[in-house]
Amino acid sequence: MAAALARLGLRSVKQVRVQFCPFEKNVESTRTFLQAVSSEKVRATNLNCVVIADVRHDGSEPCVDVLFGDGHRLILRSARLTAREMFSAFASHVQARGAAESGEKPGAGTAR
């Protein structure tokens, strides 16, 4: 999964904030997502992207907040999401934002 994220990259992402309480049961997927986004290969795709790990001891619901360069925001309430679902949602938003920046329609391929 992390390899797929590295291929996709953080090109259109300005900030990723991952918030969780480590003592809750439902944070494994959130921690997996944080580990993948924090890897050197992924971070190298956009050196200006800020990755923030907000670890709290307040029993709060795990959450991933992604801010894109164009102001679009993706909020993943990850208590009931798997890591694969989080990567999939993130990938679709990154592709849509990348297509919007280049002026293409999202989902439009180079069909001949």
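For the structure given in this document, a descriptive report is provided here. (Residues numbered from 1 in each chain as written. Predicted model: local features only at pLDDT ≥ 70, side-chain atom pairs only at ≥ 80, totals over all residues. Heavy atoms only, no water.)

### What about the packing of aromatic side chains?
(1) Moving on: In the structure shown here, the tally under the stated rule is two aromatic pairs.
(2) Moving on: The interplanar angle of 80° and the centroid separation of 5.6 Å between the aromatic rings of F33 and F90 together place this pair among those described as edge-to-face. Highlighted residues: F33 in helix α2 (residues 28-37) and F90 in helix α4 (residues 83-102), separated in sequence by 57 residues.
(3) Moving on: Given the relative accessible area of 0%, F33 is considered buried.
(4) Moving on: You can call F90 buried: its relative accessible area is 0%.
(5) Moving on: Three or more aromatic residues link up through ring pairs in this structure, and these residues are F33, F87 and F90. (Phe/Tyr/Trp six-rings, centres within 6.5 Å; stacked < 30°, edge-to-face > 60°. Helix = DSSP H or I, 4+ residues; strand = E, 2+ residues; numbered from the N terminus. Buried < 20%, exposed > 50% of the residue type's maximum accessible area, 1.4 Å probe, protein only.)

### Notes on the pattern of salt bridges
(1) Moving on: For the coordinates displayed, the defined rule picks out five salt bridges.
(2) Moving on: Where R97 meets D70, a salt bridge forms, and the shortest distance between an N and an O atom there is 2.7 Å. Highlighted residues: R97 in helix α4 and D70 in the loop between β3 (63-68) and β4 (73-77), separated in sequence by 27 residues.
(3) Moving on: Through salt bridges with shared partners, one network takes in R17, D54, R56 and D58. (Salt bridge = Lys/Arg side-chain N within 4 Å of Asp/Glu carboxyl O.)

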